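So the chains spell out like this:
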Amino acid sequence: MKKKLLSLILTVVMAGVLAGCAEKAPAGAQSQTTGNGEMETGKMESAGDFSAAQNPDEWPTITVQVPVLSEMADEQMVEDALNEYLVSINAGVKADMVQMTLGDLSTQLTLMLSDNQQPLDLFCWRFYSTLDGCVKNEQCIPLDSYFDVYPDLWEMYPEIVLKTQQISGVQYAVPSVDSYATYDVYALRKDVAEDLGIADRDGERITLDEMTQIMKDAKAAHPEYAYMINTNNEAVIGIDSLGNSNWLGVLMNRGVDTKEIVNLYETEEWREFCQRMKAWKDAGLMMDDPLNNEMTISQYNNGVSAGCYLGGYSPDYIKALIAYSPYEPIEFQLTDMVGTSASVLGGWMISTVCKEPDAAMKMLYLMSTDEKVARYFILGIEGVHYNVDEKGIARRPEGVTQNNSTWNQDCPWFYPNQCLSIPLETEKTTYYTDMLDAPNHAKFSQAMGFVFDSAPVYDQMAACTTVVAEYRDALLYGLVDVDTYLEKFNEELKAAGIDEIIAEEQKQFDAWLVVQ
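Residues numbered from 1 in each chain as written. Predicted model: local features only at pLDDT ≥ 70, side-chain atom pairs only at ≥ 80, totals over all residues. Heavy atoms only, no water.

Asks: Even after reading the chapter, I still don't get the nonpolar core, so can you show me in this structure?
Replies: A general trend in soluble globular proteins is that nonpolar side chains are found buried together. Core analysis: the biggest nonpolar cluster contains 144 residues, and Leu122, Leu188, Trp270, Met361 and Phe377 have the highest contact counts within it. Counting 19 residues, the second-largest nonpolar core is a separate cluster that includes Val98, Ile167, Tyr172 and Met349. (Core = buried A, V, L, I, M, F, W, Y, C linked by side-chain atoms within 4.5 Å. Buried < 20%, exposed > 50% of the residue type's maximum accessible area, 1.4 Å probe, protein only.)

Asks: Please explain the sheet that holds strand β14 (residues 307–312) as it appears in this structure.
Replies: For sheets, the rule is that strands pair by backbone hydrogen bonds, running either parallel or antiparallel. Across the sheet, which stays open at both edges, the four strands sit in the order β10-β15-β9-β14 with mixed pairing between neighbours. In this open sheet, the two strands that pair with only one neighbour each are β10 (204–205) and β14. Pairing between β10 and strand β15 (residues 329–333): two bridges, direction parallel. The partner of glutamate 204 across the bridge, within β15, is phenylalanine 332. This element, helix α9 (residues 208–221), spans β9 (183–189), β10, β14 and β15 of the sheet and lies at about 15° to β9. (Pairing = 2+ DSSP bridges. Helix = DSSP H or I, 4+ residues; strand = E, 2+ residues; numbered from the N terminus. Contact = heavy atoms within 4.5 Å. Axes fitted to C-alpha atoms, helices over the stretch in contact; angles between N-to-C directions.)

Asks: Would you mind showing me how to read empty space enclosed by the protein here?
Replies: With the rule as written, the count across this model stands at one cavity of 30 Å³ or more. Approximately 30 Å³ is the volume attributed to the largest cavity. Looking at the largest cavity, the residues that line it are Met367, Val373, Ala374, Phe377, Ile378, Tyr415, Pro416 and Asn417. The element contributing the most residues to the lining of the largest cavity is helix α15 (residues 371–379), with four residues. For the lining of the largest cavity, a count of residues per class yields seven nonpolar, one polar and no charged. (1 Å grid on protein atoms, 1.4 Å probe; cavity = no way out; pocket = protein on both sides within 12 Å on 5 of 7 lines; lining within 4 Å. Points joined across faces, edges and corners; volume = space filled by probe spheres on them. Nonpolar A, V, L, I, M, F, W, Y, C, P; charged D, E, K, R; others polar.)

Asks: Explanation requested: a negative patch on the surface in the structure shown.
Replies: A contiguous patch of negative charge, built from Glu470, Glu487, Glu491 and Glu492, is present on the exposed surface. Top element by residues in the negative patch is helix α18 (residues 482–496). It accounts for three residues. Mapped onto the fold, glutamate 492 is located in helix α18. (Patch = residues over 30% accessible without salt bridge, like charges linked within 9 Å, V, L, I, M, F, W, Y side chains within 5 Å. Areas by Shrake-Rupley, 256 points an atom, 1.4 Å probe, with all protein chains shown as cover. Salt bridge = Lys/Arg side-chain N within 4 Å of Asp/Glu carboxyl O. Lys, Arg positive; Asp, Glu negative; His and termini not counted. Charge placed at Lys NZ, Arg CZ, Asp CG, Glu CD.)

Asks: Sorry, what's going on with the packing of aromatic side chains here?
Replies: Aromatic rings in a pair are described by how distant their centres are and how their planes are angled relative to each other. Here the structure, examined in full by the defined rule, presents 24 aromatic pairs. A ring pair is formed by tyrosine 85 and tyrosine 376, whose centres lie 6.4 Å apart and whose planes are at 45°; its orientation type is tilted. Placement of the pair is tyrosine 85 in helix α3 (residues 75–88) and tyrosine 376 in helix α15, with a sequence separation of 291 residues. Taken as a pair, tyrosine 85 and tyrosine 376 share a single burial class, namely buried. Aromatic pair tyrosine 317 and tyrosine 431: ring centres 5.5 Å apart, planes at 40°, arrangement tilted. (Phe/Tyr/Trp six-rings, centres within 6.5 Å; stacked < 30°, edge-to-face > 60°.)

Worth remembering: the numbers are spatial, not functional.
The following block contains the structure:
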């Protein structure tokens, strides 16, 4: 966007920003509820088959979010090349790329999603909010009116995946194409695994008991490292959290073949898990001072921990995700491949401040279905930012690395359809075809697509969230006596109203299941 975003952030008057954030979006962009509870759409949502003006200079320009780790120098070059291609296919719409650093998405998106003068038209909720959050904050418009305009777009997705981007049956986002299901592994540094003589077990399925023994053996050989970072892992614990990070009502077995929402914290499975975490802590396997340290993958990359959890749909995919790390991992599979609503990692939306929603939807359609459009966003310009080898793999030019590239090629998963691209700097030629095939080999939660409306139990949710913040991390990192601490934890959760929350969740879930 020719650095417009940076100048906007630097020059905007904060009083104006606060006022803008408080404004509601134009009435025409909002979904309306009729007296009988059905949804009707405003003027901005009336969709027709988008047609191009004869003169490309008169085409609407759609601002599109582009994720970056730091500012990319070749934005204008890529944008110009993309728009030249859009003119060549008579798309009727042009793109204005808006760089947004992943570390500051909250500030940048909040500004642009409330700015009627320089609006952001297309954005993804990933790393910023949730589908439910964007809808409640009136930051996006319904997309149902585009079902008949772009039928091939919606047919790309399994119905169960589309439902994850719906609220009360209304489609608010186009899902980011992915495997829609993952399994988790314990990743141990290859050099440590070689010292233990287990590097040849890469990809092997193991139990948590076997994993514990591997970590203990590694600790004995290399006491200078920790062997676990963040134990806040829903797949390993075995739950579908229904989108609530505090786990205030969950489905066990990751939601597969069960429809009963339970209080995880009073289950025997949770008690046993906490006891295992205490044993890991006592054995010196955990990181020091977990409540005050950054408990992320960076601790593996910087050599503090020689092991961590990773997730993906295949061993090669997981290795590709962490290829930037100085430490190659050996993977030990811990869980089955399962899809939950949380497995759909992003969704693309049209903002409520968008002045040309039909044009924005045309751009989103092209980003999702046109190979060349997708690759400009994901890889940049062929022959400049990448070359294609004889195997069909994208390679950066000689001397260009992730660190000095002038276009960000490391976030294909952020865009609407990464599978239109080609693999980058890997030997796995089937990287994306395997991704598309993954759902055929997965199990799915019964609650995939269910979104809980917490409004009826707002006070109980707030109270229980406070209790979880006080007690859970100490249990997750083995810092306290499990039996004593867990008893107090559950007593306070009961007093705060967790039973009412679960009853309301079950009520809504049962009603949702009836109409599926």
